[in-house]
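Per-entry structural report
Chain by chain, the residues run as shown.
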Amino acid sequence: MDVAAMDAILAKFPTIRGNLIGILHEMQSHFNYLPEEDLRYLSKKTQIPITQIYSIANFYNRFSLKPKGKNTVCVCLGTACHVKGAERVMDEIKAQLKVDVGESTDDMQFSLEEVRCIGACSLAPAVVVNEETYGQVAPKQIHGILQKFKK
Amino acid sequence: MGSTTAKEIVISVCAGTGGVAAGGFNVIEAFKAELDKNGLSANYQPRVHKVGCRGFCAKDVLVDVQVDGKTETYQFVTPEKVAPIVSEHIVGGKPVKKWLVKKDYHIFHDKQQKLVLANCGQIDPESIEEYIAAGGYRAASKALGMGPDEIIEIIKASGLRGRGGGGFPTGIKWESCRRASGVVKYVLCNADEGDPGAFMDRSIIEGNPHAVIEGMIIGAHAIGSVEGFVYIRAEYPLAVERLRRALEQAREKHFLGKKIFGTEMDFDIKIVLGAGAFVCGESTALMTSIEDKAGEPRPKYVHTTDRGLWGKPSNLNNVETWANVPMIIEKGAKWYAGIGSERSKGTKIFSLVGKINNTGLVEVPMGIPLRDVIFKIGGGIPKKKQFKAVQTGGPSGGCIPASLLDMPLDYEHLSEAGSMMGSGGMIVMDEDTCMVDVSKYFLQFCVDEGCGQCTPCREGVFQMVRLLNEITEGKGTEKHIGLLEELAATIKDTSLCALGTSAPNPVISTLRYFRDEYEAHIFDKHCPAGVCKALTHFYIDADKCTGCTLCARNCPAGAITGEKKEPHVIDQDKCIVCRICYENCKFGAVQKG
Amino acid sequence: MPTMINLTINGEKIAAPEGTSVLQAARQAGIFIPTLCDYEALEPEGTCRLCIVELSGSIRPCIRVSCIQEVKEGLVVETETERIIKNRRLILELLLGRSPYCRELLDLAGKCGVMTSRFLTGEDDDCIRCGRCVRVCRDKIGAYALCWVNRGYNRKVATDFERLSEYCIGCGSCAQVCPTGAIKMEDRGNQRRIYTWGQVVARFELEKCEKCGRYFAPRKYIDWMRRKAFKPKGIELIDLICPECLRKTERPAPAKVPFGNGAFPAW
Ligand SMILES: Cc1cc2nc3c(=O)[nH]c(=O)nc-3n(C[C@H](O)[C@H](O)[C@H](O)COP(=O)(O)O)c2cc1C
Ligand code: SF4
Ligand code: FES
């Protein structure tokens with residue numbers, strides 16, 4: 001558990017009311033997931049019941065209670081991407097990384113996620129790796145894209 | 001030293017999410033470097049700026065090169081193309097013809113009427129100065145000198161209706177919130193834009209964030225609120241960043257904060273990030289989410305304009321609704337009411353995606369025939385395929401078949417056709433799209449995204465997906481359609497929130513217009529579009545096959561064999577029905593059966 | 001006297017105090033409306049959707065849940081129209097799809113004319129996700145031991161991190177309000193266990209009554225009772241006395257606590 005990091009995050013928020021999700025976002029990006037100990041610390045500090053925090057962490061897709069890989073590969077399965085064959089791209093990524101959606105590779109290099117529409121429909125099918133968006137992705141490009149992020 | 005005699009050089013590079021993904025920032029850097037290299041920077045102070053999305057993201061990176069007031073637009077610009085553009089066009093005075101936009105770009109824009117998007121693609125969204133220079137914040141300043149009731153009357157008279165889905169008259173909503181008792185009131189902006197296939201709100205915020213802020217200031221004054229919230233999806237990092245910056249700039253100018261515009265009014269806006277839950281776009285869920293809870297909707301027997309966020313009267317409007325407000329104040333209700341159809345006023349932005357040539361964002365006057373949007377602006381269906389349907393309204397909407405193509409696009413006609421305006425996503429489908437599969441897709445979406453509180457939505461939609469799965473797997477029986485209809489009726493009647501009550505719409509509308517497809521799946525065990533794997537097989541028409549080997553080389557399963565220049569065959573046991581051969585064959589030799 | 005509101009339910013003219021729900025008004029008039037998530041001492045949430053009724057008269061005709069809808073002058077309520085019955089039966093079938101062996105649900109379904117479900121899922125889970133346990137623990141007890149996790153079809157009741165709860169005080173209110181017995185409390189010797197489908201919520205050691213020697217309640221719960229029930233009256237409860245013995249003593253009865261009857265059956 002990282003008290004210093006947690007206090008730094010909490011210091012960014014003048015009030016707790018209306019900011020819980022913002023705090024969890026900060027924690028998610030700092031720790032790459034929401035560690036139990038830190039959530040309990042958050043609960044103590046903010047007086048928000050841990051069950052409420054746990055419930056929120058479970059409800060929203062952006063939060064993860066399991067550690068995530070160094071790189072997040074996010075395949076858009078929005079309507080436009082679906083119609084333009086995103087499933088094939090997804091299957092290819094699954095095969096190459098040997099993981100399912102929501103899982104991370106054994107070496108913790110990659111986590112695979114799906115999202116329903118990132119609003120880049122004109123680029124369909126789209127894949128986002130970390131912050132970088134790839135448009136009109138064909139299954140055969142996957143290997144190259146993943147290679148770029150492999151250490 | 002360049003030999004040009006030009007004095008004014010403005011280069012506008014598209015830097016919305018589409019433009020950035022296509023490398024927009026690299027192009028900006030390349031232009032700056034190249035202008036420096038040619039010595040133009042020193043003498044002419046050229047302006048290289050990023051602008052919001054102009055809608056035609058499929059052609060990104062789009063760049064406007066303006067030399068002495070004369071503008072040429074380039075498409076698919078990459079950093080490599082920058083040097084020739086600078087030397088031939090800017091220095092030499094001769095635009096590089098081969099890289100200029102083609103006719104389709106002009107057709108795409110000609111039938112549109114850009115009001116909300118007028119500034120997108122023209123001004124730098126990160127510069128409040130450019131917005132002000134384009135006339136921005138004049139409306140807010142004017143409105144603050146007017147009485148709240150006067151503003152509400154104008155908005156009512158303009159006929160503006162909510163752009164977030166329901167199409168509720170905005171002026172009436174403001175009025176009830178103004179009349180609600182209580183000192184503390186909130187104005188909220190819904191930028192959750194969860195409908196898959198929709199990105200107008202993202203583009204507005206990325207391209208013209210100040211318009212939304214200005215609208216909210218006007219609304220806050222009319223309603224009597226000192227605090228506003230924008231609830232925006234975390235999936236839109238660029239939009240969040242630009243909005244954050246715009247808010248800071250507005251505070252610096254005293255357009256937000258204490259005593260704004262030099263009046264007695266206080267008003268500020270806070271950003272609240274969503275966290276990936278479609279249901280949080282629903283008004284009560286959005287408010288619960290801001291209240292630090294899981295975004296579960298509440299029954300709306302008391303309106304949120306009376307009891308909303310933290311129990312206080314709250315007025316929620318969509319991004320596009322807010323962005324419409326300043327120009328109504330500026331140009332008047334009469335002008336605005338003159339645009340659009342009888343009961344749907346103004347323009348509407350649609351995101352045109354799917355099986356369409358000109359993918360992008362289009363803004364058209366309400367009431368324009370659907371056909372114009374798809375076949376004129378959209379340029380029709382690629383690869384000469386047949387248009388089958390267009391899906392509007394996202395997961396709550398429905399599919400509109402070819403027979404209704406001449407329908408005017410407005411709230412009334414869309415609901416009559418069994419769909420809805422929704423937020424404006426428009427997904428075009430061709431003969432290769434299976435309507436059962438599409439319905440299944442939307443219902444699965446609702447199963448994944450529903451909150452799970454109430455029984456009909458949680459259990460009922462799940463059961464509908466199960467039935468649809470069985471149909472697409474070839475296990476459908478004559479009972480399936482009846483059960484689907486029975487479930488749809490109950491879910492519609494009894495769900496707690498609008499996510500549930502509208503979840504069955506895709507099935508209801510496809511059953512209405514494409515029942516034969518369901519029946520083909522159930523009785524003939526055949527998927528006419530060749531999408532459902534269990535009900536499709538591909539074979540090669542020996543008469544058409546030229547033996548080019550393309551399909552055999554690309555088949556991931558190694559299921560295609562044949563000699564060069566001889567007809568090929570697909571081994572049905574090995575085929576995984578991935579469609580690659582079908583889509584790639586240049587001779588139409590791969591057939592679906 | 002509260003203001004009385006006049007409305008019609010199933011053709012019968014009824015007057016009910018302002019602020020009551022249509023469901024309460026109907027019950028007072030002896031009209032049965034099936035419910036699952038409603039519980040008299042809890043804020044209604046209106047999520048099971050069984051108590052739907054058709055409304056008209058002074059409001060636009062619509063279907064709404066009667067547990068939340070307040071009575072309104074001139075309201076016309078129909079509880080048994082063809083449409084309502086059809087919808088209600090389907091909802092029951094849907095619930096039975098996941099809880100096919102749940103006695104209480106089968107009884108209620110039977111009362112509404114549903115014998116079997118066409119939507120069996122292969123699951124056998126007595127929890128019907130009415131949320132009464134979560135609400136009582138959160139809103140009445142204030143222990144915040146239970147919460148909802150996941151969403152959509154996977155929504156379920158759990159403790160934080162789905163492990164033994166530190167926050168549970170062992171009052172058993174959840175078991176008391178559960179309509180199906182999916183969440184249970186069990187005392188064995190000096191041990192109390194609260195458990196659900198596949199998860200033990202908490203375990204406790206019970207304290208002995210100083211008078212009769214019977215094991216009766218966990219320490220945490222006794223502390224809670226003291227804070228809630230006795231403190232407001234300015235009375236200190238020093239000894240550990242079970243409710244039955246307490247009644248026989250001279251002490252004034254504690255303030256009425258509507259929950260925790262599992263531990264204090266005499267109240
Ligand atoms: C499940 C669901 C999702 C919604 N998502 C959005 C959304 O993403 N953006 C939006 O503006 N409105 C959305 N709405 C509609 C809002 O509830 C609300 O009606 C709207 O924001 C009101 O603004 P308007 O009157 O300006 O349209 C959604 C509604 C439902 C039921
Ligand atoms: S309809 Fe669906 S999303 Fe809405 S409250 Fe019910 S379960 Fe939740
Ligand atoms: S009792 Fe009213 S919805 Fe459950």
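Residues numbered from 1 in each chain as written. Chains lettered and ligands numbered in written order. Predicted model: local features only at pLDDT ≥ 70, side-chain atom pairs only at ≥ 80, totals over all residues. Heavy atoms only, no water.

Some words on the overall build of chain A
When you go through chain A residue by residue, the secondary structure sums to seven helices and four strands. From first element to last, N terminus to C terminus, chain A shows the α and β order α-α-α-α-β-α-α-β-β-β-α. Buried positions account for 58% of the 151 residues belonging to chain A. Nonlocal contacts in chain A, meaning residues at least 24 apart in sequence, comprise 59% of its contacts between residues at least 6 apart. When the accessible surface of chain A is totalled, it reaches about 6600 Å², and 50% of it is carbon and sulfur. (Helix = DSSP H or I, 4+ residues; strand = E, 2+ residues; numbered from the N terminus. Buried < 20%, exposed > 50% of the residue type's maximum accessible area, 1.4 Å probe, protein only. Contact = heavy atoms within 4.5 Å. Areas by Shrake-Rupley, 256 points an atom, 1.4 Å probe, with all protein chains shown as cover.)

Re the sheet that holds strand β3 (residues 127–129) of chain A
Strand pairs in the sheet, formed through backbone hydrogen bonds, run parallel or antiparallel to each other. Residues and elements named next belong to chain A. An order of β2-β1-β3-β4 is seen for the four strands of this open sheet, with the pairing classed as mixed. Two strands close off the open sheet at either side, each with one partner strand: β2 (110–115) and β4 (132–134). Sheet twist, expressed as the average angle between the axes of neighbouring strands with direction ignored, equals 20°. Two elements, β3 and β4, share three bridges in a ladder whose sense is antiparallel. Within β4, the residue paired with Val128 across the bridge is Thr133. Contacts from helix α7 (residues 142–149) reach β1 (71–76), β2, β3 and β4, with the element oriented near 170° to β4. (Pairing = 2+ DSSP bridges. Axes fitted to C-alpha atoms, helices over the stretch in contact; angles between N-to-C directions.)

A word on the packing of helix α8 (residues 148–158) of chain B against helix α9 (residues 170–179) of chain B
All names here are of chain B. Between α8 and α9, the shortest axis-to-axis distance is 7 Å and the interhelical angle comes to 155°. If you check the angle between α8 and α9, you find them roughly antiparallel. Crossing geometry of α8 relative to α9 is assigned as left-handed. Of α9, the residues touching α8 (which contributes Pro148, Asp149, Ile151, Ile152, Glu153, Ile155 and Lys156) are Thr170, Gly171, Ile172, Trp174, Glu175 and Arg178. Tallied by class, the residues present in the contact of α8 with α9 amount to six nonpolar, two polar and five charged. (Parallel < 35°, antiparallel > 145°, perpendicular 65-115°, else oblique. Left-handed = near helix turned anticlockwise from the far one by under 90°. Nonpolar A, V, L, I, M, F, W, Y, C, P; charged D, E, K, R; others polar.)

As for the nonpolar core
Grouped together as the largest cluster of nonpolar side chains are 109 residues, with contacts concentrated most on Ile217(B) and Phe267(B). No other element matches the nine residues that helix α11 (residues 209–223) of chain B contributes to this core. With near-sequence residues (within four places) excluded, Phe267(B) lies in contact with Val187(B), Met216(B), Ile217(B), Ala220(B), Ser225(B), Val226(B), Glu227(B), Gly228(B), Leu256(B), Gly257(B) and Ile260(B). Counting 82 residues, the second-largest nonpolar core is a separate cluster that includes Ile50(A), Phe63(A), Leu443(B) and Ile481(B). (Core = buried A, V, L, I, M, F, W, Y, C linked by side-chain atoms within 4.5 Å.)

Some points on the confidence of the model for chain B
For chain B, mean pLDDT is 91; residues scoring 70 or higher make up 99% of the total. Here the prediction assigns the complex a pTM of 0.90, and the interface score ipTM is 0.88. (pLDDT = per-residue confidence, 0-100.)

Examining the site of ligand 1
Residues and elements named next belong to chain B. Around ligand 1, the surrounding shell holds 19 residues, and the nearest of these are Gly164, Lys173, Asn317, Asn318 and Thr321. Within the side chain of Thr321, one N or O atom sits 2.7 Å away from an oxygen atom of ligand 1. Counting only elements with at least two residues in the shell around ligand 1, the list comes to β8 (314–318) and α21 (498–502). The class makeup of the residues in the shell around ligand 1 is four nonpolar, ten polar and five charged. (Near = heavy atom within 4 Å. Polar contact = N/O pair within 3.5 Å; in protein donor to acceptor, adjacent residues only side chain to side chain.)

A closer look at the interface of chain B and chain A
Chain B puts 52 residues into the contact, and the matching count from chain A is 33 residues. Around 3500 Å² of area is buried between chain B and chain A when both sides are counted, 57% of it from carbon and sulfur atoms. Applying the counting criterion to the chain B and chain A interface returns one salt bridge. As a salt-bridge pair, Arg88(A) and Glu583(B) come within 3.3 Å of each other at their nearest N and O atoms. The interface formed by chain B and chain A holds 16 residue pairs in polar contact (both at pLDDT 80 or more) in total. (Buried area = accessible area lost by both parts, 1.4 Å probe. Salt bridge = Lys/Arg side-chain N within 4 Å of Asp/Glu carboxyl O.)

Some words on the interface of chain B and chain C
One widely used convention gives an interface's size as the accessible area the parts lose upon coming together. Contacts between chain B and chain C engage 30 residues on the former and 30 residues on the latter. When the buried area of chain B at its contact with chain C is split by residue, Tyr301(B), Arg458(B) and Asp493(B) rank highest and sum to 24% of it. At the surface where chain B touches chain C, the tally comes to five salt bridges. On the surface where chain B and chain C come into contact, there are 19 residue pairs in polar contact (both at pLDDT 80 or more). Contributing elements (two or more residues each) for the side of chain B that touches chain C: α18 (435–449), α19 (455–472) and α20 (478–494) of chain B. Looking at the side of chain B that touches chain C element by element, the count peaks at eight residues for α19(B). Of the residues assigned to the side of chain B that touches chain C, the class counts are twelve nonpolar, ten polar and eight charged.

A few points about unusual backbone geometry
Residues and elements named next belong to chain B. Looking along the chain, the bond that leaves Asp60 and enters Val61 is cis, with omega of 0°. On the secondary structure map, Val61 appears in the loop between β2 (47–51) and β3 (63–67). A positive phi angle is found at His254, which is not glycine, with a value near 60°. Mapped onto the elements of the fold, His254 is located in the loop between α12 (237–252) and β7 (268–273). Positive phi values are uncommon outside glycine, yet Trp310 reaches one of about 45°. One can find Trp310 in the loop between α13 (283–290) and β8.

Observations concerning the pattern of salt bridges
Think of it this way: side chains of opposite charge can pair up when their charged atoms draw near. Enumeration over the complete set of coordinates arrives at 66 salt bridges over all chains. Glu412(B) serves as the salt-bridge partner of Arg343(B), at 3.7 Å between the closest nitrogen and oxygen. Taken together, the positions of Arg343(B) in the loop between α15 (333–337) and β9 (347–354) and Glu412(B) in helix α17 (residues 411–416) put the pair 69 residues apart, joining distant regions of the chain. Measuring nitrogen to oxygen at the nearest pair gives 2.9 Å for the salt bridge that ties Glu473(B) to Lys475(B). One continuous salt-bridge network, built from bridges that share partners, spans Arg88(A), Lys385(B), Asp432(B), Arg579(B), Glu583(B) and Lys592(B).

Here's the deal with the pairing of strand β8 (residues 184–188) of chain C
All names here are of chain C. Bridge count for β8 against strand β9 (residues 191–196) is five bridges, and the pairing is antiparallel. Counted as the bridge partner of Asp187 is Arg192 from β9. What sits between the antiparallel neighbours β8 and β9 is a turn of two residues, in which Gly189 has the positive phi angle 60°.

Here we look at the packing of aromatic side chains
Counted by the stated rule, this structure contains 20 aromatic pairs over all chains. Here the guanidinium or amino end of Arg17(A) rests over the ring plane of Trp310(B), the centre of that ring lying 3.8 Å away. (Phe/Tyr/Trp six-rings, centres within 6.5 Å; stacked < 30°, edge-to-face > 60°. Lys NZ or Arg CZ within 6 Å of the ring centre and 35° of its normal.)

As for the domain arrangement of chain B
Each assigned domain of chain B is listed with its residue range as follows: domain 1 (7–101), domain 2 (128–337), domain 3 (347–430), domain 4 (435–523) and domain 5 (537–592). Between the C-alpha centres of domain 1 of chain B and domain 5 of chain B there is a distance of 44 Å. (Domains from an automatic or database assignment.)

Description of the pairing of β8(B)
For β8(B), the tally of buried residues reaches five of five residues, placing the bulk of the element in the interior. Residues Ser314(B), Leu316(B) and Asn318(B) point to one face of β8(B) and Asn315(B) and Asn317(B) to the other, with burial holding for every one of them.

Some words on the side chain of Arg129(C)
Looking at the secondary structure, you find Arg129(C) in the loop between α3 (103–111) and α4 (132–141). Residue Arg129(C) is classed as buried on the basis of its relative accessible area, which comes to 7%. Here Asp125(C) takes part through its side chain, which lies 3.3 Å from a polar atom of the side chain of Arg129(C). Engagement of the side chain of Arg129(C) in a polar contact is seen with the backbone oxygen of Arg155(C), the distance being 2.6 Å. Not counting residues up to four positions away in its chain, the partners in contact with Arg129(C) are Gln453(B), Arg458(B), Arg98(C), Trp148(C), Arg155(C) and Lys156(C).

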